[in-house]
Amino acid sequence: MSDNINRFLGDTPGRILLKLVVISLFVGVVMSAFNWSPLDILYGFENFARRIWNLGFGAVERFADYFLLGAVVVIPCFIILRLLSFRR
């Protein structure tokens, strides 16, 4: 049973919990520095969807900007996570 949980989580539950605590702390500090709240993120998604709906295909350029902005954050996080898992 423990092996199945470890396989599903990718590591032991304790280590996963520690990683989630550290990442949550980091994200909380960054969000606090930018004075963001979780509702701000939801409102941002809502505004994005409304802009696409209201602007039609003119929003494709804005979509590309959002995609690149997100990729600047996500790709390094992915690489860091893969490097951390490569040590095993």
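Note that residues are indexed from 1 along each chain, following the sequence as it is written. Given that this is a predicted model, residues contribute local features only at a pLDDT of at least 70 and side-chain atom pairs are listed and counted only at 80 or more, while totals for whole chains, interfaces and linings are drawn from all residues. With hydrogens and water excluded, all non-hydrogen atoms of the structure serve as input to the side-chain values.

**Student:** Looking at this structure, how should I read the packing of aromatic side chains?
**Tutor:** Think of a pair of aromatic rings as described by two things: how far the centres are apart, and how the planes are tilted against each other in angle. Two rings belonging to Phe, Tyr or Trp (six-membered ring only in the last case) form a pair when the distance between their centres is within 6.5 Å. Interplanar angles under 30 degrees mark stacking, angles over 60 mark edge-to-face geometry, and anything in between is tilted. For the coordinates displayed, the defined rule picks out two aromatic pairs. Seen from their ring centres, Phe34 and Trp36 are 4.9 Å apart, and the 20° between their planes marks the pair as stacked. The partly exposed category is assigned to Trp36, whose relative accessible area is 47%. The cut-offs for exposure are 20% and 50% of the maximum accessible area for each residue type, with area from a 1.4 Å probe on protein chains only; residues under the lower value are buried, those over the upper are exposed, and the others partly exposed.

**Student:** Please clarify how a nonpolar patch on the surface should be interpreted in this entry.
**Tutor:** On the surface, a nonpolar cluster with roughly 690 Å² of combined accessible area is contributed by Val72, Val73, Val74, Ile75, Phe78, Ile79 and Leu83. Put simply, DSSP H or I for four residues or longer makes a helix, DSSP E for two residues or longer makes a strand, and each gets a number counted from the N terminus. Relative to the assigned elements, Val73 resides in helix α4 (residues 60-86). For Val73, a relative accessible area of 51% gives the class exposed. Every patch collects residues that have over 30% relative accessible area and no salt bridge, joining them within 9 Å if they carry like charges and within 5 Å if they are nonpolar side chains (Val, Leu, Ile, Met, Phe, Trp, Tyr). Here the open area of atoms and residues is found with the Shrake-Rupley method and a 1.4 Å probe, where only the protein chains shown may cover a residue. The term salt bridge refers to a side-chain nitrogen of Lys or Arg lying within 4 Å of a carboxyl oxygen of Asp or Glu.

**Student:** Looking at this structure, how should I read the layout of surface pockets?
**Tutor:** In this structure, the largest pocket occupies an estimated 1400 Å³ of space. Taken together, 34 residues make up the lining of the largest pocket; nearest its centre are Val27, Gly70, Val73, Val74 and Cys77. Of all elements in the fold, only α2 (13-33), α3 (38-55) and α4 reach the threshold of two or more residues within the lining of the largest pocket. A total of 12 residues in the lining of the largest pocket trace back to one element, the largest contributor, which is α4. Space inside and on the surface of the protein is sampled on a 1 Å grid over the protein atoms alone, with a cavity defined as a set of points where a 1.4 Å probe fits but cannot get out and a pocket as an open set with protein on both sides within 12 Å along at least 5 of 7 lines; lining residues have an atom within 4 Å of a point. Grid points are joined across faces, edges and corners, and a volume is the space filled by probe spheres set on the points.

**Student:** What should I look at first to understand the environment of Gly10 in this one?
**Tutor:** You can see Gly10 is positioned in the loop between α1 (2-9) and α2. A relative accessible area of 32% places Gly10 in the partly exposed class. Sequence separation of Gly10 and Ala33 is 23 residues, and the distance between their C-alpha atoms is 31 Å.

**Student:** Explain the environment of Gly70 to me, please; I cannot follow it from the model alone.
**Tutor:** Following the sequence through the fold, Gly70 ends up in helix α4. Residue classification places Gly70 among the partly exposed positions, given a relative accessible area of 28%. Between the C-alpha atom of Gly70 and that of Ile23, which follows or precedes it by 47 residues, the distance is 17 Å.

**Student:** I tried to follow unusual backbone geometry on my own but got confused; where do I start?
**Tutor:** Keep in mind that most residues, glycine aside, have a negative phi and that most peptide bonds are trans. Positive phi is not limited to glycine here, since Asn35 has a value of about 55°. Along the chain, the position of Asn35 falls in the loop between α2 and α3.

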